[in-house]
Amino acid sequence: MQSTFKHGVHPAANKGLSDKKNIVFMPPPSVVYISTAQHIGKAAKPLVAKGDRVIEGRKIGEADGFVSAPVFSSVTGTVREIKTLNTPLSRAEHIVIERDETSEETFRFKPLAEKERTGENILQRIQECGIVGMGGAGFPTHVKLRPKDKVDTFIINAAECEPYITCDYRILLEYTEPFLRGALYMAKAVGLNKVYIGIEDNKADAANFVAGVAAEKKYDVEVVTLKSKYPQGAEKQLIYAMTGRKVPTGALPSKVGVVVDNVHTALSVCLAVEDGQPLYKRIMTVSGDAVNEPKNFWAAGGSLYSDIIAFCGGVKDGEKAPVKLISGGPMMGIAVSDDEIASTKTTSCLLLLSEKEAFTGQPQPCINCGKCAAACPMRLMPMYIDSYILNGDVGGAVKYGAKNCIECGCCAFACPAKRPLVQSIRLAKKKARENNL
């Protein structure tokens, strides 16, 4: 097997703020804002109305089609209203629920007994529990585990190459057995028995620990140590590093016989199969030099960023005051303008960056150095895409591969002129869709 991929960059890991912090529980806030659009595909259809009483774990939004997923209440309480609110990328319908602080009612599906844990039953449980890819994209897991092509390799992406984020790392150390069982359930759902887990060599303690537990339990699991390089956790780069196979342009990994999923998704599958727990809360990281108490913790879905930040001790003052709030990691995350946005199934991290950590200056003209092209793991020429789209030539941007970009941010990281190359490429993709190119 390979151990890395070509190109990429080496940003500072900055994981020391939170990587030693055990996972704790954040008390659910008094009001939660449950988005109906927490996944790729069609948003869920609300099943409740203003004034309805809901129970923690109960379905409040029905999947609207095959590529969709249900959503569940993260608290027991009363629906206050349903309204459209901001998300990091757009706007979406949210079900606003006021928590009943005196009730501890919780709903669970009936756990699957061992004899019931067939591949099809596992798929059905994943679908009814609303499980999606929790590494960021939010692709409904029941769809991913029903590939049209025959697969022979199931991989868990445990690279966690994005700087600052440590929630998957802590899961590997603290929820090792349920994580491994969940991964094996997912493999079983696609007709396989073995699981490969890719972990970067800067997390050797986690790799050794997971391998040791798997050996002790006699699980058919192979841990593959990968070179630490960004974006080692990008799907195509991970597949190449671990198998040597290249996913064709526009194709899914199943085209080369591979299915890849996330650490937290595997844990959620185990909880769904063995405990009947729907996906309505997740483990996330809050980090950055501007937050008082970086943490890894379970957060109720629909928690406002402001409530999450308050749980982490609030923000610092003076020269370490936050100048940028990012939903996600620093490379692929989205900078947001305020903290009145709610967490979802895919909110793995919140970053509060000080002026020292975040670039807040103005981009400069391209100097044609080619560093963006040298860094690009997809072998694109971002400087040309940027130039074409800024001049209104959508066709030229598409010609130079805008649609193949994985938006990893390597180009912007490498650019000495600090050009917003990823934003330009996102614009090019949007214009290409609008023009059917």
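Here the structure is a predicted model, which is why all the values come from computation and not from measurement.

### Notes on the layout of surface pockets
Turning to step 1, where the next piece is worked out: Of the volumes computed, that of the second largest pocket is approximately 970 Å³.
Turning to step 2, where the next piece is worked out: Along its surface, the second largest pocket is lined by 30 residues, and Lys324, Pro330, Met331, Phe359 and Ala412 are the ones closest to its centre.
Turning to step 3, where the next piece is worked out: Secondary-structure elements contributing two or more residues to the lining of the second largest pocket are strand S15 (322-327), strand S16 (334-336), helix H12 (410-414) and helix H13 (421-434).
Turning to step 4, where the next piece is worked out: Here the element with the most residues in the lining of the second largest pocket is H13; it accounts for three residues.
Turning to step 5, where the next piece is worked out: Looking at side-chain class alone, the lining of the second largest pocket contains 19 nonpolar, six polar and five charged residues.

### Focus: the nonpolar core
Turning to step 1, where the next piece is worked out: Formed by 61 residues in total, the largest nonpolar core has its most connected members in Leu145, Phe154, Ile156, Phe179, Val195 and Ile197.
Turning to step 2, where the next piece is worked out: Counting only elements with at least two residues in this core, the list comes to helix H1 (119-128), strand S9 (153-157), helix H3 (167-174), helix H4 (176-189), strand S10 (195-200), helix H5 (204-217), helix H7 (263-275) and strand S17 (349-354).
Turning to step 3, where the next piece is worked out: Residues contacting Phe154, with those up to four places away along its chain left out, are Leu145, Ala183, Met186, Ala187, Leu192, Lys194, Val195, Tyr196, Val259 and Asp261.
Turning to step 4, where the next piece is worked out: Counting residues in hydrophobic clusters, the runner-up holds 16 residues, among them Met26, Val286, Phe297 and Tyr305.

### Some words on the sheet that holds strand S8 (residues 91-99)
Turning to step 1, where the next piece is worked out: Strand order in the open sheet made by the four strands is S2-S8-S7-S4, with antiparallel pairing throughout. Of all the strands in the sheet, just strand S2 (31-35) and strand S4 (53-54) have a single pairing partner and so form its edges.
Turning to step 2, where the next piece is worked out: One ladder, built from nine bridges, connects strand S7 (residues 77-86) with S8; its direction is antiparallel. By the bridge assignment for S8, Thr84 is matched with Glu93.

### Observations regarding the side chain of Gln277
Turning to step 1, where the next piece is worked out: Looking at the secondary structure, you find Gln277 in the loop between H7 and strand S13 (281-287).
Turning to step 2, where the next piece is worked out: According to the relative accessible area criterion, Gln277 is buried, its value standing at 11%.
Turning to step 3, where the next piece is worked out: Polar contacts involving the side chain of Gln277 include one to the side chain of Arg108, which spans 3.3 Å.
Turning to step 4, where the next piece is worked out: Among residues more than four places away in sequence, those in contact with Gln277 are Arg108, Cys129, Leu271 and Ala272.

### Examining the packing of aromatic side chains
Turning to step 1, where the next piece is worked out: According to the stated counting rule, one finds six aromatic pairs in the structure shown.
Turning to step 2, where the next piece is worked out: Relative to Trp298, the ring of Phe25 has its centre 6.2 Å away and its plane inclined at 10 degrees; by these criteria the two rings are stacked. Here Phe25, found in strand S1 (residues 23-25), pairs with Trp298, found in strand S14 (residues 295-300); they are 273 residues apart in sequence, far enough to count as distant.
Turning to step 3, where the next piece is worked out: Using a relative accessible area of 54% as the deciding quantity, one classes Phe25 as exposed.
Turning to step 4, where the next piece is worked out: The buried category is assigned to Trp298, whose relative accessible area is 6%.
Turning to step 5, where the next piece is worked out: Their ring planes at 75 degrees and their centres at 5.2 Å tell us that Phe107 and Phe109 sit as a pair that is edge-to-face. In this structure, Phe107 and Phe109 share a single accessibility class: buried.

### Considerations on H1
Turning to step 1, where the next piece is worked out: Listed as buried for H1 are Gly119, Ile122, Leu123, Arg125 and Ile126. On an axial view of H1, the arc spanned by its buried residues comes to 165 degrees, and they lie on one face.
Turning to step 2, where the next piece is worked out: Against the buried residues of H1 lie helix H2 (141-144), H4 and H7.
Turning to step 3, where the next piece is worked out: Downstream of H1 by one or two residues, Gly130 has phi in the positive range, about 70 degrees.

### A closer look at empty space enclosed by the protein
Turning to step 1, where the next piece is worked out: All chains considered together, the criterion is met by three cavities of 30 Å³ or more.
Turning to step 2, where the next piece is worked out: If you add up the space inside the largest cavity, you get close to 90 Å³.
Turning to step 3, where the next piece is worked out: Lining of the largest cavity is provided by 14 residues; of these, Cys376, Cys405, Glu407, Cys408 and Cys411 occupy positions nearest its centre.
Turning to step 4, where the next piece is worked out: When residues of the lining of the largest cavity are traced back to their parent elements, those giving at least two are H12 and H13.
Turning to step 5, where the next piece is worked out: Counted by class, the lining of the largest cavity contains twelve nonpolar, one polar and one charged residues.
Turning to step 6, where the next piece is worked out: Here the second largest cavity defines a volume of roughly 70 Å³.
Turning to step 7, where the next piece is worked out: Residue lining of the second largest cavity: 14 residues in total, with Gln38, Leu279, Tyr280, Gly301 and Lys345 positioned closest to the centre.
Turning to step 8, where the next piece is worked out: Those elements giving two or more residues to the lining of the second largest cavity turn out to be strand S6 (71-72), S13 and S14.

### A few points about the sheet that holds S14
Turning to step 1, where the next piece is worked out: Strand order across the open sheet formed by six strands is S1-S14-S13-S17-S15-S16, with mixed pairing between neighbours. The outermost strands of the open sheet, each flanked by one partner alone, are S1 and S16. Between one strand axis and the next, the sheet turns by 30 degrees as a mean value, whatever way the strands run.
Turning to step 2, where the next piece is worked out: As paired elements, S15 and S17 share five bridges and run antiparallel to each other. Residue Pro322 lies in a different strand from S17, and its bridge partner there is Ser354.

### Focus on the side chain of Ser354
Turning to step 1, where the next piece is worked out: One can find Ser354 in strand S17.
Turning to step 2, where the next piece is worked out: By relative accessible area, which is 1% here, Ser354 ends up buried.
Turning to step 3, where the next piece is worked out: Leave out the neighbours within four places in its chain, and Ser354 touches Asp289, Ala290, Glu319, Lys320, Ala321 and Val323.

### Some remarks on the packing of H1 against H4
Turning to step 1, where the next piece is worked out: Their axes nearest at 8 Å, the elements H1 and H4 cross at an angle of 115 degrees. The orientation of H1 relative to H4 falls into the category roughly perpendicular. Seen along the crossing, H1 lies across H4 with a hand that is left-handed. Contact with H1, carried on its side by Gly119, Ile122 and Leu123, involves Tyr185, Lys188 and Ala189 of H4 and no other residues of that element.
Turning to step 2, where the next piece is worked out: Across the contact of H1 with H4, the residue classes break down as four nonpolar, one polar and one charged.

So, how was this worked out
- Residues numbered from 1 in each chain as written.
- Predicted model: local features only at pLDDT ≥ 70, side-chain atom pairs only at ≥ 80, totals over all residues.
- Heavy atoms only, no water.
- 1 Å grid on protein atoms, 1.4 Å probe; cavity = no way out; pocket = protein on both sides within 12 Å on 5 of 7 lines; lining within 4 Å.
- Points joined across faces, edges and corners; volume = space filled by probe spheres on them.
- Helix = DSSP H or I, 4+ residues; strand = E, 2+ residues; numbered from the N terminus.
- Nonpolar A, V, L, I, M, F, W, Y, C, P; charged D, E, K, R; others polar.
- Core = buried A, V, L, I, M, F, W, Y, C linked by side-chain atoms within 4.5 Å.
- Buried < 20%, exposed > 50% of the residue type's maximum accessible area, 1.4 Å probe, protein only.
- Contact = heavy atoms within 4.5 Å.
- Pairing = 2+ DSSP bridges.
- Polar contact = N/O pair within 3.5 Å; in protein donor to acceptor, adjacent residues only side chain to side chain.
- Phe/Tyr/Trp six-rings, centres within 6.5 Å; stacked < 30°, edge-to-face > 60°.
- Arc of directions from axis to C-beta.
- Axes fitted to C-alpha atoms, helices over the stretch in contact; angles between N-to-C directions.
- Parallel < 35°, antiparallel > 145°, perpendicular 65-115°, else oblique.
- Left-handed = near helix turned anticlockwise from the far one by under 90°.

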